[in-house]
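Tertiary structure, described
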Amino acid sequence: MPVSTSSVTGELDAWRALPALQQPEWDDEAELRTVVEELAKQPPLVFAGECDQLKESLAAVARGEAFVLQGGDCAETFSGSTADAVRNKLKTLLQMAVVLTYAGRVPVVKIGRMAGQFAKPRSKPVEVRDGVELPAYRGDAVNGFEFTPQARRNDPRRLLQAYYCSAVTLNLCRAFTTGGYADLRQVHAWNQDFVAGSPAGRRYERLAGEIDRALAFMKACGADPEEFHGVEFYSSHEALLLEYERALTRIDSRSGRPYDVSAHMVWIGERTRQLDGAHVEFLRHIRNPIGVKLGPTTTADDALALMERLNPEGEPGRLTFITRMGAEKIRDALPPLIEKVHGSGSPVAWICDPMHGNTFEAPSGHKTRRFDDVLDEVTGFFEVHRALGTHPGGIHIEFTGDDVTECVGGGHEIVEDDLHQRYETACDPRLNRGQSLDLAFMVAELYRETQ
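- For the chain, the name recorded in an unreviewed UniProt entry is Phospho-2-dehydro-3-deoxyheptonate aldolase, with Actinomadura miaoliensis as its organism.
- Within the UniProt record for the chain, the comment given under Catalytic activity (unreviewed entry) is "D-erythrose 4-phosphate + phosphoenolpyruvate + H2O = 7-phospho-2-dehydro-3-deoxy-D-arabino-heptonate + phosphate".
- According to the UniProt record, the Sequence similarities (unreviewed entry) comment for the chain is "Belongs to the class-II DAHP synthase family."

Structure follows, in structure tokens:
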């Protein structure tokens, strides 16, 4: 028997009666209501069928048959929603995916941390500089980065701009991934601006040469699969601003079930995963594939309770756990979670976020991360899975396609004194293109060792 629309609507709004952490205090509640009504009338950014396709791919990850590469900006900016910026991020993601597919010998599910990552949780609601107190920067969907009263106003109209910038970014991604740019025969073209000055670029070029020779051999044999000419690309972001996510939730005409059409996949952050909180309540009712960030304080019982709450039917591909433990803690904190979750028999894909547990402040005052710490956490993630006989399902990273100087280390080494040169992030430090490719090669080697 189909579920009534009023019943579904009631479930989707049940979160309003629960504590909702990390929500901005909007400057004008009446304006917020007007914006939410306008958002609710907008076309979907993604479609339910696409979300279901991603769910099927993530089910393959949970079975040990594929690997997730999820990444993009820490916090997208409206000014960064340009063709060049989107292409550079997508190019880096494609290069990493090619490395993992070819060198790691594994199908790769490509998920951008793009087209919606415009809001960020904050440790404090306000920021103080030289005795002046203003609201903290919560991402471009809420307020501006500049430290002025006008910029830091929590402006509901920004939610609409976040929607429009997400639409632009998704349209560009779809054009690039299906219009010939993502064709495997373009593997050299993705690297032309990058070979000479980068060890990672030169290493990638050698791999691209191997792929060219393999493609030429296949073509000579009469094989030219359609899959070589484009890629499946999915969008994701943290479902932080619940008014935005609720306004972009639609009832699928095929099934009568609700989908959050702001992205193919959304996740709950470490700071908002309370079982009795609004975020868990809202996400348990939508039918998208969903993720949950798990930090080092997560207990095995926490993980089981989240599974029961968010995926009580044990639907394959529905739930992904994204661990963010820190390099020093992952080898101790992760095994009890995997053992108990795996023992429950419910399908879960495990992804490693090696970024958020490894942030520190350099003497210059810049927030940064050591590439060696990022690699060590990924290595620990693989070691734990290898020891337990389970599947290391993917990585979730913050990166950019630009040659920024935000994380120290890597093959083309950046030191702390270099951070000021191109420190461009709106929030947390990101791997640059060379560091991202370095990581991809190392992850491919780690993956092959587990097989």
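**Considering the overall build of the chain**
- When you go through the chain residue by residue, the secondary structure sums to 12 helices and 14 strands.
- For the chain, whose C-alpha radius of gyration is 21 Å, the value lies close to the compact-globule estimate of 22 Å for 451 residues.
- When its C-alpha atoms are laid out on the principal axes, the chain stretches across 60 × 60 × 45 Å.
- Buried positions account for 56% of the 451 residues belonging to the chain.
- About 18,500 Å² of surface is accessible on the chain, with carbon and sulfur atoms providing 50% of the total.
- The averaged location of the 67 negative side-chain charges in the chain is 2 Å from the averaged location of its 50 positive side-chain charges.

**Let's talk about the pairing of strand β10 (residues 319-323)**
- With 5 of 5 residues buried, β10 lies mostly within the body of the structure.
- Residue alternation in β10 divides its side chains into two sets, L319, F321 and T323 and T320 and I322, and both sets are buried.
- One ladder, built from 5 bridges, connects strand β9 (residues 290-294) with β10; its direction is parallel. Paired with L294 across the bridge in β10 is T323.
- Note that the unit made of β9, helix α9 (residues 300-310) and β10 has a crossover that is right-handed.
- With 4 bridges joining them, β10 and strand β11 (residues 349-352) adopt parallel strand pairing. Bridge assignment links F321 to a residue of β11, and that residue is W350.
- Taken together, β10, helix α10 (residues 330-344) and β11 form a β-α-β motif whose crossover is right-handed.

**Overview of the nonpolar core**
- Grouped together as the largest cluster of nonpolar side chains are 81 residues, with contacts concentrated most on Y204, F321, W350, I395 and L439.
- Broken down by element, this core gets its largest block of residues, 10 residues, from helix α4 (residues 83-104).
- Ranked by size, the runner-up nonpolar core spans 29 residues in total, among them F78, A115, Y163 and Y244.

**Regarding the pattern of salt bridges**
- Counting across every chain of the model gives 34 salt bridges.
- E281 is paired through a salt bridge with R284; the nearest N and O atoms lie 2.9 Å apart.
- The class for E281 is buried, based on a relative accessible area of 6%.
- Salt bridges here are not isolated pairs; linked through shared partners, they connect R113, K367, R369, E398 and D428.

**Here we look at the packing of helix α2 (residues 29-40) against helix α5 (residues 157-178)**
- Where α2 meets α5, the closest approach of the two axes is 8 Å, and the angle between their N-to-C directions is 25°. When the axis of α2 is compared with that of α5, the two are roughly parallel. Only R157, L159, L160, Y163 and Y164 of α5 make contact with α2, whose side of the interface consists of E31, L32, V35, E38 and L39.
- Split by residue class, the contact of α2 with α5 holds 7 nonpolar, no polar and 3 charged.

**Overview of α9**
- The set of residues buried in α9 consists of A300, A303, L306, M307 and L310. Axial view of α9: buried residues confined to an arc of 125°, hence all on one face. Turned more than 90 degrees from where α9 packs its buried face, D301 and E308 sit exposed.
- Each element contacted by the buried residues of α9 is listed here: β8 (265-268), α8 (278-283), β9, β10 and α10.

**Let's talk about helix α6 (residues 199-220)**
- With 22 residues, α6 ought to run about 32 Å at 1.5 Å a step, and its terminal C-alpha atoms sit 32 Å apart, in line with that.
- Inspection of α6 places A200, G201, Y204, L207, A208, G209, I211 and L215 among the buried residues, and these make up the whole buried set.
- Those residues of α6 that are buried lie in contact with α4 and α12 (433-450).

**Concerning the packing of aromatic side chains**
- For the structure shown, the criterion picks out 8 aromatic pairs.
- Residues F67 and Y447 carry aromatic rings whose centres are separated by 5.4 Å and whose planes lie at 75° to one another, so their mutual orientation is edge-to-face. Here F67, found in strand β1 (residues 67-72), pairs with Y447, found in helix α12; they are 380 residues apart in sequence, far enough to count as distant. Like F67, the residue Y447 is buried in the burial classification.
- Considering the side-chain rings of F176 and Y181, the 5.3 Å spacing of their centres and the 50° angle between planes classify their relative orientation as tilted.
- Judged by its relative accessible area of 16%, F176 falls in the buried class.

Quick notes on the rules
Residues numbered from 1 in each chain as written. Predicted model: local features only at pLDDT ≥ 70, side-chain atom pairs only at ≥ 80, totals over all residues. Heavy atoms only, no water. UniProt positions renumbered as here; feature names shortened; annotations may be inferred. Helix = DSSP H or I, 4+ residues; strand = E, 2+ residues; numbered from the N terminus. Rg over C-alpha atoms; globule rule 2.2 N^0.38 Å. Buried < 20%, exposed > 50% of the residue type's maximum accessible area, 1.4 Å probe, protein only. Areas by Shrake-Rupley, 256 points an atom, 1.4 Å probe, with all protein chains shown as cover. Lys, Arg positive; Asp, Glu negative; His and termini not counted. Charge placed at Lys NZ, Arg CZ, Asp CG, Glu CD. Pairing = 2+ DSSP bridges. Right-handed = clockwise from strand over helix to strand, strands pointing away. Core = buried A, V, L, I, M, F, W, Y, C linked by side-chain atoms within 4.5 Å. Salt bridge = Lys/Arg side-chain N within 4 Å of Asp/Glu carboxyl O. Axes fitted to C-alpha atoms, helices over the stretch in contact; angles between N-to-C directions. Parallel < 35°, antiparallel > 145°, perpendicular 65-115°, else oblique. Contact = heavy atoms within 4.5 Å. Nonpolar A, V, L, I, M, F, W, Y, C, P; charged D, E, K, R; others polar. Arc of directions from axis to C-beta. Expected span 1.5 Å × (residues − 1). Phe/Tyr/Trp six-rings, centres within 6.5 Å; stacked < 30°, edge-to-face > 60°.

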